[in-house]
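Understanding the architecture of this molecule
Each chain is listed here by its residues.
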Amino acid sequence: MDTVNAPKLSRRTFLKLGAATASATAVPPFVARAATPAPPRQPVTATLSMHVNGKPQSLTLDTRTTLLDALREHLHLTGTKKGCDHGQCGACTVIVDGRRINSCLTLAVMHEGAKVTTIEGLGTPQKLHPMQAAFVKHDGYQCGYCTPGQICSAVAVLDEIHDDIPSHVSGSLTTRASVSATEIRERMSGNICRCGAYSNIVEAISEVAGSKA
Amino acid sequence: MKPFTYERATSPASAASAAARQRNTKFIAGGTNLLDLMKLEIEQPEHLIDVNGLDLDTIAATEDGGLRIGALVRNTDLAADARVRRDYGLLTRALVAGASGQLRNKATTAGNLLQRTRCPYFYDTNQACNKRLPGSGCAAIGGFSRSHGIVGVSTSCIATHPSDMAVAMRALDATVETVQPDGKTRRIPIADFHTLPGATPHIENVLAPGELITAVTLPKPPGGTHIYHKVRDRASYAFALISVAAVVQKDGSGRVALGGVAHKPWRVEAAEAALPQGAKTVTATLLAGAQPTGENAFKIPLVERTLSAVLAEARG
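Since the model is a prediction, treat every value here as computed from it, not as a measurement. (Residues numbered from 1 in each chain as written. Chains lettered and ligands numbered in written order. Predicted model: local features only at pLDDT ≥ 70, side-chain atom pairs only at ≥ 80, totals over all residues. Heavy atoms only, no water.)

1. Looking at the side chain of Arg132 of chain B
- Tracing the sequence through the fold places Arg132 of chain B in the loop between α8 (120–123) and α9 (165–171).
- For the buried Arg132 of chain B, no salt bridge exists, and the shortest N-O distance to an oppositely charged side chain is 6.1 Å, to Asp124 of chain B.
- Here Phe30 of chain A takes part through its backbone oxygen, which lies 2.4 Å from a polar atom of the side chain of Arg132 of chain B.
- A polar contact of 2.8 Å, which involves the side chain of Arg132 of chain B, links it to the backbone oxygen of Phe122 of chain B. (Helix = DSSP H or I, 4+ residues; strand = E, 2+ residues; numbered from the N terminus. Buried < 20%, exposed > 50% of the residue type's maximum accessible area, 1.4 Å probe, protein only. Lys, Arg positive; Asp, Glu negative; His and termini not counted. Salt bridge = Lys/Arg side-chain N within 4 Å of Asp/Glu carboxyl O. Polar contact = N/O pair within 3.5 Å; in protein donor to acceptor, adjacent residues only side chain to side chain.)

Put into structure tokens, the structure is as follows:
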């Protein structure tokens, strides 16, 4: 490793150093440093085109831009939420080319030509997607922050069961996957709800699954 | 995240040679581990080669009755493949025990093998870590080490390999196929692919700079009962404290590999001869020479009891 950080502490690093304030500025983070500092790297931009909620979009972005930040900060589709930004909470879940993914853990530039569906593309306040309507009916949220990710994930979960993708709780691997509360809970485990609306979320998804069957 | 230049690979061989030519280059496929580490500036590549466009995303039968799994086959697709479910159930069980549905949709076969440890001291750049910064020390030794390794550890590092998939592949005698920067290919038995930490814990496998995984092959189906039992702090979406991957035949013979105990998927072939004698005897050989910390010594009886449960389940 021969790369270098600018020799300053970020606010986050400073806070992490905590009580050791007297010596904090003298303690470097344990990341690789070269003997002679290299010049700071310059941002690199790239252009890409995607279809987002059925609309073609062309963007010129810093290569570092995640799909999540492209949606929120550049296309102003703020329905998709940033929770942990590390793939642990599921708030950023969107559907790309028919599959749910964590939009925080992928670069926008990796999605040239992709078809992206966000919560705004599933339904509208006037014409809710059945999953949105079921979440409202069953009170599948309290604060609502995780809800767009929960709903995008839930829509994809029912497709995954329909497509016979097995899960950790599937009894047999050679019989078709089917809907049950246990299956829904396992398959939704990548979406965290700190308000704890889980039981109502399972009821909402079960209702939509039942009406589809 | 540090700025980086970006290109899309056009062929495996050209990707490998481009990676060897440009300094501090990483391949990116699913990105679910690499981007996480780049955000924390634990990984700081100057150049990314996006391999997603390469034609490495199919699963095909091999001449000897096995399967050749392309490096870019997503974890979801590998787990759902009808041949894998029927003949290599252990692999499907391990895959669906790992991560979340969203992550499995992105994560690839090769990326899963190459994912880095979830040791919290590796992730915290304010802590010493020989894996992140060689020579800086190991904060896990003497720290909170409940989740750490118990066998094959060193005085430099006690991190574990986090993959479930790799544990199943170790039990299934998989082979990793690669292309090198000079265009030559090679086949690496999975037993030789991951390395122990020793004095160089920043080295985690035998890949040369620029070398690109193109596929993982499985030999013909081993038959028997396939069981993957993962023990973790949550019922879902958590890394293993320990895991047991087993293929058990009707006569009681079989194979066993462990996850969550070492810097690599842990298998001791010599221990498997004792399988008909039960979990206690097998575990004694499997974990011989274990060096647990005060906080993770529980993993030794946990392995024995989990293996005992697995063998009971296999007997039916």
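More follows now that the structure is in view.
2. Some points on the interface of chain B and chain A
- The partner chain A presents 55 residues to the 55 residues of chain B that form the contact.
- Here chain B and chain A share an interface that buries about 4,700 Å² over both sides, 53% of which is from carbon and sulfur atoms.
- The three residues of chain B that bury the most area against chain A are Arg85, Gln102 and Asn126 of chain B, which together make up 16% of that side's buried surface.
- Across the chain B-chain A interface, the total number found is three salt bridges.
- In this structure, the salt-bridge partner of Arg85 of chain B is Asp164 of chain A, at a minimum N-O distance of 3.2 Å.
- For the interface between chain B and chain A, the tally reads 27 residue pairs in polar contact (both at pLDDT 80 or more).
- Those elements that place two or more of their residues in the side of chain B that touches chain A are β1 (5–8), α2 (34–39), β3 (47–50), α3 (75–80), α4 (82–87), α5 (89–96) and α6 (101–106) of chain B.
- It is α6 of chain B that provides the largest number of residues to the side of chain B that touches chain A, a total of five residues.
- Residue classes in the side of chain B that touches chain A are distributed as 19 nonpolar, 19 polar and 17 charged. (Contact = heavy atoms within 4.5 Å. Buried area = accessible area lost by both parts, 1.4 Å probe. Nonpolar A, V, L, I, M, F, W, Y, C, P; charged D, E, K, R; others polar.)

3. A short note on the nonpolar core
Residue and element names in this part refer to chain B.
- Formed by 50 residues in total, the largest nonpolar core has its most connected members in Leu78, Leu91, Leu113 and Met169.
- Counting residues per element, this core draws most heavily on α9, at six residues.
- Ignoring any residue separated from it by four or fewer positions in sequence, one finds Leu78 in contact with Ile59, Ile69, Val73, Val84, Leu91, Thr92, Leu95, Thr109, Met165 and Met169.
- Among the nonpolar cores identified, the runner-up in size contains 27 residues, and Ile150, Val151, Val244 and Val282 belong to it. (Core = buried A, V, L, I, M, F, W, Y, C linked by side-chain atoms within 4.5 Å.)

4. Digging into the pattern of salt bridges
- All chains considered together, the criterion is met by 29 salt bridges over all chains.
- The salt bridge partner of Asp77 of chain B is Arg99 of chain A, with a shortest N-O separation of 2.6 Å. With one member in each of two chains, Asp77 of chain B in helix α3 and Arg99 of chain A in strand β4 (residues 99–102) form a pair that bridges those chains.
- Ionic pairing is found between Arg267 of chain B and Glu272 of chain B, a salt bridge with its closest N-O pair at 2.7 Å. The burial state of Arg267 of chain B is the same as that of Glu272 of chain B; both residues are buried.
- Among the ionic contacts, a cluster of salt bridges with common partners joins Arg170, Asp173, Arg255, Arg267, Glu269 and Glu272 of chain B.

5. Brief notes about the packing of helix α12 (residues 279–286) of chain B against helix α13 (residues 299–315) of chain B
Residues and elements named next belong to chain B.
- With their axes 9 Å apart at the nearest point, α12 and α13 run at an angle of 135° to one another. For the element pair α12 / α13, the angle class is oblique. In terms of crossing hand, the pair formed by α12 and α13 is right-handed. Across the interface between the two elements, Ala279, Lys280, Val282 and Thr283 of α12 pack against Ile300, Val303, Glu304, Leu307, Ser308 and Leu311 of α13.
- Tallied by class, residues from the contact of α12 with α13 come to six nonpolar, two polar and two charged. (Axes fitted to C-alpha atoms, helices over the stretch in contact; angles between N-to-C directions. Parallel < 35°, antiparallel > 145°, perpendicular 65-115°, else oblique. Left-handed = near helix turned anticlockwise from the far one by under 90°.)

6. Here's the deal with the sheet that holds strand β5 (residues 115–117) of chain A
All names here are of chain A.
- Spatial ordering of the open sheet is given by β2-β1-β5-β3-β4, a layout of five strands whose pairing is mixed. This sheet does not close on itself; its edge strands, each paired only once, are β2 (55–62) and β4. Ignoring strand direction, the axes of neighbouring strands in this sheet form an average angle of 40°.
- Taken together, the eight bridges between strand β1 (residues 45–52) and β2 define a ladder with antiparallel strand orientation. Bridge pairing in β2 places His51 opposite Pro56.
- Contacting β1, β2, β3 (93–96), β4 and β5, helix α3 (residues 67–74) runs over the sheet at an angle of about 105° to β2.
- In the packing of helix α6 (residues 147–162) onto the sheet, contacts are made with β3 and β4, and the angle to β3 comes to roughly 45°. (Pairing = 2+ DSSP bridges.)

From the geometry alone we can't say anything about function, so treat these as descriptive.
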